Structures are given as C-alpha cells and as structure tokens.
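Here's the letter readout for the chains.
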Amino acid sequence: MSVGQRIGLWFVSLYFLIGGACHFLYTPLFVQIVPPTIPFPLLAVIVSGVFELLGAIGVMIKRTRSAAGVGLTLLTIAVTPANVFMYEHADQFSQVPSWLLLVRLPLQLVLIACILWSTRQRA
C-alpha cells in the first residue's frame, strides 16, 4: 500500500468516524435533512450513523477493508438524496452557506473515488 493510499484510508476512516458520531451528537439536525419521502427519518439517521461507524472501523481492518469500502461507497450514494434536499432547502439550514452545500455534491464523487482507491484489494 502506498503512502498516498494509507493517507486516503485514514481520511476515509476519520471522515466516517466523525460523521457517524455526529449522527448521534446532532440527531435533530440530521433528522431535519432527511427528505420527507424517506419513511422513519429518525431510524434512517440512526441506521446510517451505525453503518458509518462500522465502515470507519471496517476499513482499518485488512480482512474487512474491501467489503467496508464497498459498503461506505453504497452508503455515500444512499445519503445523496439528503444532501440534495439540504441544498434545495438551504434557507432552512442558514448555519451552512448554500454555496458549500452545492460544492459538497460533486465532492461526494471525489469521496467515493477515495474510498474505492484506498480500500481496493491488491494482488
């Protein structure tokens, strides 16, 4: 594993460790960004937070790294509607500048690339 990939792996792990913890530290905010089309928003926040924490740990264990990377990639895709909803309703989230909410959307593709690159199995 290259130094760059190790840095990417640590970034992915810390990103999801912090993000997963925030699901529980700031639950009301996270519930607020769940689109109304998603049933049981509190449950969605709790489940996604648990999976973020499990993925953050899983990528650091060589045996589970690849599967955790796939899981975090799918989770990142799954939460995209919440990020789009937050951007579309930026007036409800005045604590975050709307331009930052917009920039975050394409950065999810960069995050996915980093997840896959740093967690892929090597021969």
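The coordinates are above.
The sections below set out a description of the structure shown in this document. (Residues numbered from 1 in each chain as written. Predicted model: local features only at pLDDT ≥ 70, side-chain atom pairs only at ≥ 80, totals over all residues. Heavy atoms only, no water.)

Brief notes about the overall build of the protein chain
Line of reasoning, step 1. In terms of regular secondary structure, the protein chain is built from six helices and zero strands.
Line of reasoning, step 2. For the protein chain, the sequential pattern of α-helices and β-strands runs α-α-α-α-α-α.
Line of reasoning, step 3. Its C-alpha atoms give the protein chain a radius of gyration of 15 Å, within 12% of the compact-globule value 14 Å for 123 residues.
Line of reasoning, step 4. Its C-alpha atoms give the protein chain principal-axis dimensions of roughly 45 × 30 × 20 Å.
Line of reasoning, step 5. For the protein chain, with 123 residues in total, the buried portion stands at 36%.
Line of reasoning, step 6. A separation of at least 24 residues holds for 67% of the contacts in the protein chain among residues at least 6 apart in sequence.
Line of reasoning, step 7. Working note: accessible area of the protein chain is about 7,600 Å², and carbon and sulfur atoms make up 74% of it. (Helix = DSSP H or I, 4+ residues; strand = E, 2+ residues; numbered from the N terminus. Rg over C-alpha atoms; globule rule 2.2 N^0.38 Å. Buried < 20%, exposed > 50% of the residue type's maximum accessible area, 1.4 Å probe, protein only. Contact = heavy atoms within 4.5 Å. Areas by Shrake-Rupley, 256 points an atom, 1.4 Å probe, with all protein chains shown as cover.)

Overview of the packing of helix α5 (residues 80–88) against helix α6 (residues 98–119)
Line of reasoning, step 1. The N-to-C vectors of α5 and α6 enclose an angle of 155 degrees; their axes lie 9 Å apart at closest approach. Classified by the interaxial angle, the pair formed by α5 and α6 is roughly antiparallel. α6 is crossed by α5, and the crossing has left-handed handedness. Packed against α5, whose contacting residues are T80, N83, V84, M86 and Y87, the element α6 presents S98, L101, L102, R104, L105 and Q108 at the interface.
Line of reasoning, step 2. Of the residues contributing to the contact of α5 with α6, the split by class is six nonpolar, four polar and one charged. (Axes fitted to C-alpha atoms, helices over the stretch in contact; angles between N-to-C directions. Parallel < 35°, antiparallel > 145°, perpendicular 65-115°, else oblique. Left-handed = near helix turned anticlockwise from the far one by under 90°. Nonpolar A, V, L, I, M, F, W, Y, C, P; charged D, E, K, R; others polar.)

Everything listed here is a matter of coordinates, which is why it stays silent on function.
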